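Examining the three-dimensional arrangement
Now for the letters of each chain:
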Amino acid sequence: MSIECPVSLDREKLKSEVRATYAKVAENPQGEFHFHRGPEYAARLLGYDLAELNALPQIATAPFAGVGNPFLMDSLPPGGAVVDIGSGAGMDCLLAGRRVGPAGTVVGVDMTDGMLECARAGANEAGLHHVRFEKADITGLPIDSGSVDVVISNGVINLAPDKAALLTELYRVVKPGGRLQFADIVVGRELSEDARNDIDLWTG
Amino acid sequence: MIEALQQAGFRSARANHFFDSFSGTTKERVARKYEVRGANFIAHK
């Protein structure tokens, strides 16, 4: 089971709350939030390699707030084109950039200015010049149709009020034979009406 | 999610690797109540 946005939830308000929450994470990753952040969490609960994360700029790793590990499913093709949906501070993009190498490209897409600043600084500090970041709504990607080998994402698709529109957009940008490999939240039991309408639950 | 991926046109959609992503957070209790976890998904075009 996954989470569907209730009809009664104000979608613009949800988008605004998501943006505000992650702006706070970008500004102060050590602040009080109801979800984990950072490389130690990623290594301890999600199976990332802590040594590899510690080799990346802290500005990109400290705000990390993913919920799984897209890199466990399959390797990324050297020289390939990768897009990260809701790239946050860019930790997964930097990892992807190292895997595809300088002959490849990685584009991170996010709507939060603070996260984009962290991500661009991190890529610059890491010297990964084939990794770039774009500000956009993830249901309207600034990406050519059929141009992407692999779409990755980590804990973001559940934040989209209209998942069908988002998945249709992802299908548009992926090449024939390409794939999605992403992490997200799953819910094993039916949520109460109160829980479905609790914006705090959607922003984590 | 699998159904939504299939409806969008993706094939061979599946979930694997599950994560106790909210363990130790202030939302751990509600996450356990509703069996909320992180999961990896893969799907092909």
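The structure presented is a predicted model; accordingly, all values stated were derived computationally and were not measured.

Our next topic: the overall build of chain A. Summing up its helical and strand segments, chain A has nine helices and five strands in all. Taken from the N to the C terminus, the helices and strands of chain A come in the order α-α-α-α-β-α-β-α-β-β-α-β-α-α. Residue burial in chain A is summarised as follows: out of 204 residues, 59% are buried. Counting only contacts in chain A whose residues sit at least 6 apart along the sequence, the fraction spanning at least 24 positions is 75%. In the form shown here, chain A has an accessible surface area of approximately 8,300 Å², with 47% of it arising from carbon and sulfur atoms.

Turning next to the interface of chain A and chain B. Accessible area lost on assembly of the parts is the figure often given for the size of an interface. The partner chain B presents 32 residues to the 42 residues of chain A that form the contact. Taken together, the two surfaces of chain A and chain B that pack against each other cover about 3,100 Å², and 66% of this comes from carbon and sulfur. Ranking the residues of chain A by area buried against chain B places A:His34, A:Tyr171 and A:Val186 at the top, with a combined share of 20%. Between chain A and chain B we count zero salt bridges in total. For the pair chain A and chain B, the number of links is 15 residue pairs in polar contact (both at pLDDT 80 or more). Counting residues per element, the ones that place at least two in the side of chain A that touches chain B are helix 2 (39-46), helix 7 (163-173) and strand 5 (174-187) of chain A.

Turning our eyes to something else, we now look at the pattern of salt bridges. All names here are of chain B. Evaluated as defined, the whole model comprises eight salt bridges over all chains. The shortest N-O distance in the salt bridge between Arg32 and Asp20 comes to 3.3 Å. Remark: Asp20 occurs in the loop between strand 1 (11-19) and helix 2 (28-33) and Arg32 occurs in helix 2; sequence separation between them is 12 residues. Where Glu28 meets Arg32, a salt bridge forms, and the shortest distance between an N and an O atom there is 3.0 Å. With Glu28 and Arg32 both in helix 2 and four residues apart, the pair spans about one turn of that helix.

The subject of this paragraph is helix 2 of chain A. All names here are of chain A. Among all positions of helix 2, only Pro39, Tyr41, Ala42, Leu45 and Leu46 are buried. Seen along its axis, helix 2 keeps its buried residues to an arc of 160 degrees; they face one direction. With its phi angle positive at about 85 degrees, Gly47 sits one or two positions after the end of helix 2.

Next up on the list: the state of the cysteines. Residues and elements named next belong to chain A. The final tally for this structure, using the stated rule, is zero disulfides over all chains. In this structure Cys93 is not part of a disulfide, and its nearest cysteine sulfur, from Cys118, lies 13 Å away. With a relative accessible area of 0%, Cys93 lands in the buried category.

The rules behind the values
- Residues numbered from 1 in each chain as written.
- Chains lettered and ligands numbered in written order.
- Predicted model: local features only at pLDDT ≥ 70, side-chain atom pairs only at ≥ 80, totals over all residues.
- Heavy atoms only, no water.
- Helix = DSSP H or I, 4+ residues; strand = E, 2+ residues; numbered from the N terminus.
- Buried < 20%, exposed > 50% of the residue type's maximum accessible area, 1.4 Å probe, protein only.
- Contact = heavy atoms within 4.5 Å.
- Areas by Shrake-Rupley, 256 points an atom, 1.4 Å probe, with all protein chains shown as cover.
- Buried area = accessible area lost by both parts, 1.4 Å probe.
- Salt bridge = Lys/Arg side-chain N within 4 Å of Asp/Glu carboxyl O.
- Polar contact = N/O pair within 3.5 Å; in protein donor to acceptor, adjacent residues only side chain to side chain.
- Arc of directions from axis to C-beta.
- Disulfide = S-S within 2.5 Å.

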